[in-house]
Amino acid sequence: MPATKVVVNLADESPYDVRIGAGVLAKLGVHVRKHPELERVERVLVVTDDNVAPLYLADAKAALAQAGFRVSDVTVAAGEGSKSVEVAAEIWEAMAQLSLGRDCLVVALGGGVVGDLAGFAAASWLRGVEFIQIPTTLLAMVDSSVGGKTGVDIPQGKNLVGAFWQPSLVVCDTDMLSLLPAETFADGMAEVIKYGAIFDRELFEQLERGGQALAGPGALEGII
């Protein structure tokens, strides 16, 4: 079954695609190779955390390598504590050691923390290199992976240092949701319920019905 494509249109910047479906991670390299704004890319840095890495890092790297990219990776500790200037500096140091130029691509493989951190590293490295989001939680799929908000926390508060830096592509593999803890999945559904309550009566009624309306074939893909 082909992935669903949603186009994010922006007022002053190029639009970008969100690809949603089961198994789309396996086609990651194909999607990147086809992207007109990523034609120069030969080097890829995947940023992930130590919860996600054992589950999906090897598959993501293999999909990119099969498409001919030279792939490196950085794994940070899971959790909000990694969304810091210090951890961002570790990523910058890795990028310097790898001699990554403006033709590199940063891939954020993880939830909201990884997306914000990797996006900020991409926005600030050489004054901005391309990056894509591969959200691995429902909350990241429906919220933080789209919109270009990147950044880190400092002791004085969350998200006080950052930049708006739009991804070139967002890839949402719904197969990843089957491994989420129930509490983490519920966090994402709370955001979905909010969207329904604010501006989508049909979605809200679908959520009220529950059952197959949420768990049937393609239901989560449609919701996302």
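Below: a short report on this structure. (Residues numbered from 1 in each chain as written. Predicted model: local features only at pLDDT ≥ 70, side-chain atom pairs only at ≥ 80, totals over all residues. Heavy atoms only, no water.)

## Focus on the environment of Ala26
Piece 1. For Ala26, the location among the structural elements is in the loop between strand 2 (16-21) and helix 1 (28-34).
Piece 2. Distance from Ala26 to Leu38, taken between C-alpha atoms, is 18 Å for residues 12 residues apart in sequence. (Helix = DSSP H or I, 4+ residues; strand = E, 2+ residues; numbered from the N terminus.)

## A closer look at the nonpolar core
Piece 1. Judged by nonpolar contacts, the single largest core of 24 residues is most densely connected at Leu28 and Leu109.
Piece 2. Among the elements that make up this core, the one with the highest residue count is helix 2 (residues 53-66) (six residues).
Piece 3. If we skip the residues at most four places from it in the chain, Leu28 touches Ala60, Ala63, Leu64, Ile132, Ile134 and Val171.
Piece 4. Listed in part, the 23 residues of the second largest apolar core include Ile91, Leu117, Phe120 and Ala121. (Core = buried A, V, L, I, M, F, W, Y, C linked by side-chain atoms within 4.5 Å. Buried < 20%, exposed > 50% of the residue type's maximum accessible area, 1.4 Å probe, protein only. Contact = heavy atoms within 4.5 Å.)

## Quick look at unusual backbone geometry
Piece 1. In the Ramachandran plot, Leu126 falls in the positive-phi region, its phi being about 50° despite a non-glycine side chain.
Piece 2. Within the secondary structure, Leu126 sits in the loop between helix 4 (112-124) and strand 6 (130-135).
Piece 3. At Asn159, a position not held by glycine, the phi torsion is positive, near 60°.
Piece 4. Inspection of the secondary structure puts Asn159 in strand 8 (residues 157-164).
Piece 5. With a relative accessible area of 43%, Asn159 lands in the partly exposed category.

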